[in-house]
Amino acid sequence: MEFKEVTGGVCAAKGFQAAGVHCGFRANPNKKDLALIVADVRCTAAGMYTSNKVKGAPITVDKAHLTDGHAQAILVNSGNANTCAANGIDLANECCRLAAGALGLKEEDILPSSTGVIGQPMTIDPFAKGIPEAAAQLAGGEAGSTAAAQAIMTTDTYPKQYALQFTLGGKTCTLGAIGKGSGMIAPNLATLLTFYTTDAAISAEMLDKAIHQVVPATYNQLSVDLDTSTNDTLLILANGLAGNEPVTAEGEDYDNFVAALTAIAEHMAALHASDGEGASHLITCQVSHAKDKATARAIAKSVVCSNLFKAAVFGRDANWGRILCAIGYTQGDFSVDRCCVWLESAAGSVYVCENAAYHPYSEEEASKVLAEHDILVRVDMGDGEAEGKAWGCDLTYDYVKINGDYRS
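All figures in this text were calculated on a predicted structure; none of them were measured in a lab.

**Student:** Explain the pairing of strand 9 (residues 233-238) to me, using residue names and the numbers behind them.
**Tutor:** In terms of residue burial, strand 9 counts as a mostly covered element, since six of its six residues are buried. Summarising the sheet, strand 3 (residues 34-49) and strand 9 pair through six bridges and their orientation is antiparallel. If you follow Tyr-49 over to strand 9, its bridge partner there is Thr-233. As paired strands, strand 8 (residues 193-198) and strand 9 are joined by six bridges and run parallel to one another.

Structure (structure tokens):
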């Protein structure tokens, strides 16, 4: 499957516009805090949500609005999460009514989402101000997508967006995404706030199947700090304007759509890990020759989640024993006897562990490898044919500073 990277994020596909404005959730008027993503026509749609028992009110509304598998717009605010508020559901529903009025759509075709500080008082006033402004500023292309990506940021240091073109049934289709998330990231059958749009024609059932197939190997393999958010949400809209024969069952076209979705999800997962709160390194762990897929994924995630190893990467210390330790406490029935580990980056590769024991290497060379921003931990389990991958970041002083001052 060949992909072509294109600009435009969630506005790269035909028939989508987006906007981002400041409406008052944030004190700084230069920071956008309300985003809209709108399709020209009604879309098939699907969603996945946090596994946290405490859930943001918009998630309840999203699930209700997606019972028919269709939607046409996504509304997102940042700075104040609609979570643990007594009026949360009513507020989310009122936001949808306001958006429907401003856009000329049905209320049940609006999907709300929210991020920011949890448990703070919240009123409809910022929404009442910002929704008409955002509706008036809807734009296509990179400008619209970037504005929306900026508006959903919290502690992110830059907007995250990506888009690819691919072919389904001889027709060129486009799939794009924006996302936010730098902290409170340890998805488990969930995501960050992530929004996908595509002009591919695909049924709601196949959309739902696709995201449930892709998320476990991508977003669920991402961790910054082992905290699963209350508001994690992935939403996807498909308007069918590419003109391909609708994907309604498994087959070549479905597989190609899943491949494109996987490619974007992996790219976005790496962006989120790379921008983890206070992070100075992206850590990718790639596991090969594991007993089975579940074991490979679990081992990879265990490595990137290890606070001891994350701290070692921050200190440029090739303490491979911490990697082996994390592999060893991974749940599952597997052998570590033939486990080998390499640390790699643009500066080179060092072989640090062979058959679960020390392999001679240069500490100076290893320090140079770990000085690069992107670090790859390559683990060969020698125990089967399965592979898995996970993404994380180092643990720095700035992570504590950011979260110590989060509400101020």
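Picking up after the structure, the text goes on.
**Student:** Just give me the short version of helix 1 (residues 57-65), but keep the residues and values in it.
**Tutor:** Because an α-helix packs 3.6 residues into every turn, residues spaced three or four apart end up facing the same way. Buried within helix 1 are the following residues: Ala-57, Pro-58, Ile-59, Val-61, Asp-62 and His-65. In this structure, the buried residues of helix 1 make contact with strand 3, strand 4 (70-77), helix 2 (88-103), strand 5 (110-114) and strand 9.

**Student:** Could you give me a rundown of the packing of aromatic side chains, with the residues and numbers involved?
**Tutor:** Within the structure shown, the criterion is met by five aromatic pairs. Ring centres of Phe-314 and Tyr-397 lie 5.2 Å apart, and the angle between their planes is 85°; on these two criteria the pair is classed as edge-to-face. With Phe-314 in helix 8 (residues 307-314) and Tyr-397 in helix 11 (residues 397-404), this pair connects stretches of sequence that are 83 residues apart. Here Phe-314 falls in the partly exposed class, since its relative accessible area comes to 29%. Judged by relative accessible area, which is 63%, Tyr-397 ranks as exposed. Ring centres of Tyr-358 and Tyr-361 lie 5.8 Å apart, and the angle between their planes is 50°; this geometry places the pair in the tilted category. For the cation-ring pair, Lys-160 lies above Tyr-158, with the distance from its terminal atom to the ring centre recorded as 4.3 Å.

**Student:** Just give me the short version of the packing of helix 2 against helix 3 (residues 125-136), but keep the residues and values in it.
**Tutor:** Here helix 2 crosses helix 3 at 30°, and the two axes come no closer than 9 Å. Judged by the angle between their axes, helix 2 and helix 3 are roughly parallel. Every pair of crossing elements has a handedness; the one defined by helix 2 and helix 3 is right-handed. On the side of helix 2, the interface is formed by Cys-95, Leu-98, Ala-99, Ala-102 and Leu-103, while helix 3 contributes Phe-127, Ala-128, Ile-131, Pro-132 and Ala-135.

**Student:** A description of unusual backbone geometry should follow, citing residues and the corresponding values.
**Tutor:** One non-glycine residue, His-289, lies in positive phi territory at about 55°. The phi angle at Ala-356 is positive, at roughly 60°, despite the residue not being glycine. You can call Ala-356 partly exposed: its relative accessible area is 27%.

**Student:** Please give an account of empty space enclosed by the protein that cites residues and values.
**Tutor:** Applying the stated criterion across every chain, the model contains one cavity of 30 Å³ or more. Considered as a void within the structure, the largest cavity measures approximately 70 Å³ in volume. Contributing to the lining of the largest cavity are 13 residues, with Asn-77, Cys-95, Pro-112, Ser-113 and Phe-127 lying nearest its centre. Of all the secondary structure elements, the ones that give two or more residues to the lining of the largest cavity are strand 4, helix 2 and strand 5. Of the residues contributing to the lining of the largest cavity, the split by class is nine nonpolar, four polar and no charged.

Conventions adopted
Residues numbered from 1 in each chain as written. Predicted model: local features only at pLDDT ≥ 70, side-chain atom pairs only at ≥ 80, totals over all residues. Heavy atoms only, no water. Buried < 20%, exposed > 50% of the residue type's maximum accessible area, 1.4 Å probe, protein only. Helix = DSSP H or I, 4+ residues; strand = E, 2+ residues; numbered from the N terminus. Pairing = 2+ DSSP bridges. Contact = heavy atoms within 4.5 Å. Phe/Tyr/Trp six-rings, centres within 6.5 Å; stacked < 30°, edge-to-face > 60°. Lys NZ or Arg CZ within 6 Å of the ring centre and 35° of its normal. Axes fitted to C-alpha atoms, helices over the stretch in contact; angles between N-to-C directions. Parallel < 35°, antiparallel > 145°, perpendicular 65-115°, else oblique. Left-handed = near helix turned anticlockwise from the far one by under 90°. 1 Å grid on protein atoms, 1.4 Å probe; cavity = no way out; pocket = protein on both sides within 12 Å on 5 of 7 lines; lining within 4 Å. Points joined across faces, edges and corners; volume = space filled by probe spheres on them. Nonpolar A, V, L, I, M, F, W, Y, C, P; charged D, E, K, R; others polar.

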